[in-house]
2 protein chains.
Amino acid sequence: MPVGTVGTVKGIPQDLLEELGVNILLGNTYHLYLRPGVETVREMGGLHGFMSWDRAILTDSGGFQVFSLNELRKVNEEGVTFRSHLDGSAHFFSPENSMKAQIGLGADIIMAFDECTEFPADRERMRTSMERTARWAARSKKYFDEHKHGLPWRTTHAGPASVRAGKLQLAAHTAELRSAGRTRATASTQEGATQSLFGIVQGGMDLDLRRESAERTIEIDFPGYAIGGLSVGEPREVTREVVEATLEHLPKDKPRYLMGVGTPQEIATYAGLGVDMMDCVLPTRAARHGLLFTSEGKISIKQARYAKDSGSLDPACACRVCQRYSRAYLRHLYAANEVLAQVLNTIHNLSFYLDTMHTVRHSIRLGEGTRPHSGGSSQPKP
Amino acid sequence: MPVGTVGTVKGIPQDLLEELGVNILLGNTYHLYLRPGVETVREMGGLHGFMSWDRAILTDSGGFQVFSLNELRKVNEEGVTFRSHLDGSAHFFSPENSMKAQIGLGADIIMAFDECTEFPADRERMRTSMERTARWAARSKKYFDEHKHGLPWRTTHAGPASVRAGKLQLAAHTAELRSAGRTRATASTQEGATQSLFGIVQGGMDLDLRRESAERTIEIDFPGYAIGGLSVGEPREVTREVVEATLEHLPKDKPRYLMGVGTPQEIATYAGLGVDMMDCVLPTRAARHGLLFTSEGKISIKQARYAKDSGSLDPACACRVCQRYSRAYLRHLYAANEVLAQVLNTIHNLSFYLDTMHTVRHSIRLGEGTRPHSGGSSQPKP
């Protein structure tokens, strides 16, 4: 899932995202809550209507962002008091507030409000934090169940969410989010359509706590489960170890979402381990810094060596950037601080990531024993 | 002609420009000379190859930019010594150097090196400046004639430029630059293909000096003529008066190019007076400041009144921005300082300008006596 923080994948018009084959986007609740505000988005038909995007959207809970504010936040059992990074104004997020905001934004998939445990943390801290996340998950579920029909994009009322849950199970099974990308358009015209609320597993880097967190979250019962609290500074081997151990405790017939990863190699590897969904700012953020992913490795396009390089960025890539422009031109745009550098670099990096996942899905459908880039046998567990 | 200063219309991929119907772009020799440098562009196949743009390009002489540097330049009969706005390094532009640079860049239409007279200026200064421009025009023509076969995009040699000149006459006659936009691709495969060098009329706001400048420039003999030195701070009525008076002295069977104008109303008016070509940074620069041209007038999209406006930017506009996004979304993108604001605003403003000229051309073809927006009868002189 490409990240579209405040209702836009930075620099890319929505029709280009469609052409790239983006079927689901991530929006950040924290950013959207501050600007333009949930009420504005709701009145404009939810995030889908506001940004004119008919395919699927997932919003995070805002938890990760407010925990990243460090100096600007205070946490207690009730929730998190924080100050806006924009104007310093005071705000409060709780499981209930986060659900309220996410229902107002109206994404297809929304996330329970969790506490992202910092790294490093001692075992006591990891346990306390994991237990709080479990209590917040139950509060998130309760509020959601009581208010889930207050969606901006539905006019009919009530009924089970089984239609959507069924489609998401299919998505999990095939690791193919394409179908999920079409559920809202279908579901919103049906009675009973609503959002899917996913739970989040925490527990730091402790495998026992991860197991316990998984069990407690599953007990609450969600249509999908995320692994949170990773990619927070721990070594890559630890990330992989925790992912692998946690996946064992998550139901295989529901989507399993690994939050905040990773490089092209990593997403292929994690998909091989059985992860169905991932999001990461890396392809878009790296693009803005002139770092481009190619079939021949990572390229820093700002380097003078590309100044007269008439070759395409990645000869193996079929994206509109590689098909049309030279490395020399891309290098010039970056060196001249031109906005088109960001636009073209982002298009390419997103294309490279989507191609990577396309190949992964293709391999899974073929039932192959290996994944591209993953460098090992990593057949999804049966 | 949209302005693509350093080989890019800021923020807009070339395929979107093609979809918008852009058939000719302006590049700034001063900027391209400094970055990435003429030699780099030449080695990449000229500006067409470098930026991957097969349609027509016009480059200015660099004169206007170096004269705008004020503190950083010294002028004498030989040329202009100036300091780069990027790093303060010293450079020298003369008619010969400007031609050399423009031949290296390889645009379809290039401009004689002129002195843009400042406003206000006394008659003595206007005369001196106009006479220098005439001498520089002769030097530009001489250098061009001796070096015009050193183009980056031709491999064959010699021959008359009549094929291209003929097509440009057609363009002038119909005020339709579409055909000019296709001459390079055709011409570059023919022996004898070369660029078209246009002369520039100066003379400040003095109508007698403008007439004299026109006569002296025509005597040198160019395939097209530009009116320079306007839109430099003078009142709009004066601009119009000078344009109208100068056009009377320019041949009607060759393209007449008014440099650096204007608003949508102005370009329609000037086309009605008989101007065939115009360039302006206004649509693209205004877009970056959130100023949008619509059929209902100019809109400043940053205003809070648009925060919950679900209507399209311009209901009468068929561009991809007006067809897909709301004013509320465009306002949000601008307020959040998102790059997509610049991209979408630029697409709309360019579309509005191109639509304006499309309507003008349509009116001319129909032989109507009035022009849209021009508010008067302004049939091109026979």
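In what follows, the structure referred to is the one given above.
Now for a quick tour of the structure. (Residues numbered from 1 in each chain as written. Chains lettered and ligands numbered in written order. Predicted model: local features only at pLDDT ≥ 70, side-chain atom pairs only at ≥ 80, totals over all residues. Heavy atoms only, no water.)

1. Brief notes about the pattern of salt bridges
Residue and element names in this part refer to chain B. A full pass over the atoms with the stated rule returns 54 salt bridges over all chains. In this structure, E212 and R127 form a salt bridge, with 2.7 Å as the shortest nitrogen-oxygen distance. Here the residue E212 occupies a position in helix α10 (residues 207-220), and R127 occupies one in helix α7 (residues 123-147), the gap between them amounting to 85 residues. Classification of R127 by relative accessible area gives partly exposed; the value is 23%. (Salt bridge = Lys/Arg side-chain N within 4 Å of Asp/Glu carboxyl O. Helix = DSSP H or I, 4+ residues; strand = E, 2+ residues; numbered from the N terminus. Buried < 20%, exposed > 50% of the residue type's maximum accessible area, 1.4 Å probe, protein only.)

2. A closer look at the interface of chain A and chain B
Interface size is often expressed as the accessible area that is lost when the parts come together. Taken together, the 40 residues of chain A in the interface contact 40 residues of chain B. Roughly 3,400 Å² of surface becomes buried between chain A and chain B when both sides are summed, with 55% attributable to carbon and sulfur atoms. Summed over the three residues of chain A that lose the most area to chain B, namely K308(A), R324(A) and H332(A), the buried surface amounts to 19% of that side. Salt-bridge contacts for K10(A) lead to E338(B); the nearest nitrogen and oxygen are separated by 2.5 Å. At the boundary of chain A and chain B, one finds 18 residue pairs in polar contact (both at pLDDT 80 or more). (Contact = heavy atoms within 4.5 Å. Buried area = accessible area lost by both parts, 1.4 Å probe. Polar contact = N/O pair within 3.5 Å; in protein donor to acceptor, adjacent residues only side chain to side chain.)

3. Here we look at the sheet that holds strand β3 (residues 73-75) of chain B
Residues and elements named next belong to chain B. Strand order across the open sheet formed by three strands is β3-β4-β5, with antiparallel pairing between neighbours. At either margin of the open sheet sits one strand with a lone partner, and together these are β3 and β5 (90-93). The average undirected angle you get between the axes of adjacent strands in this sheet is 15°. (Pairing = 2+ DSSP bridges. Axes fitted to C-alpha atoms, helices over the stretch in contact; angles between N-to-C directions.)

4. Describing the relation of the copies chain A and chain B
Least-squares fitting of chain A to chain B yields an RMSD of 0.0 Å, with the transformation described by 0.0 Å of translation along the axis and a rotation of 180°. Expressed as an axis order, the relation between the two copies is that of a two-fold axis. Judged by C-alpha distance, V339(A) is the residue of chain A that lies nearest the rotation axis, at 3.8 Å. When the interface residues of chain A are mapped onto chain B, 100% of them again fall at the interface, so both copies present the same face. (Least-squares fit on C-alpha atoms with pLDDT ≥ 70 in both.)

5. Some details on the packing of aromatic side chains
Following the criterion strictly, the structure yields 20 aromatic pairs over all chains and no others. Seen from their ring centres, Y33(A) and F93(A) are 4.9 Å apart, and the 70° between their planes marks the pair as edge-to-face. Of the two residues, Y33(A) sits in helix α2 (residues 29-34) while F93(A) sits in strand β5 (residues 90-93), which places them 60 residues apart along the sequence. Owing to a relative accessible area of 25%, Y33(A) belongs among the partly exposed residues under this scheme. Ring geometry for F82(B) versus F93(B): centroids 5.0 Å apart, planes at 65°, classification edge-to-face. Taken together, the residues F82(B) in strand β4 (residues 80-83) and F93(B) in strand β5 connect sequence positions eleven residues apart. By the burial criterion, F82(B) is buried, and F93(B) matches it. (Phe/Tyr/Trp six-rings, centres within 6.5 Å; stacked < 30°, edge-to-face > 60°.)

6. Some points on the packing of helix α11 (residues 236-247) of chain B against helix α12 (residues 264-273) of chain B
Residue and element names in this part refer to chain B. Here α11 crosses α12 at 25°, and the two axes come no closer than 10 Å. As judged from the angle between their axes, α11 and α12 are roughly parallel. The two elements α11 and α12 meet at a crossing, and its hand is right-handed. Listed contacts from α12 to R236, T239, R240, V243, E244 and L247 of α11 are E266, T269, Y270 and L273. When grouped by side-chain class, the residues that make up the contact of α11 with α12 number four nonpolar, two polar and four charged. (Parallel < 35°, antiparallel > 145°, perpendicular 65-115°, else oblique. Left-handed = near helix turned anticlockwise from the far one by under 90°. Nonpolar A, V, L, I, M, F, W, Y, C, P; charged D, E, K, R; others polar.)

Treat this as a map of the structure, not an account of what it does.
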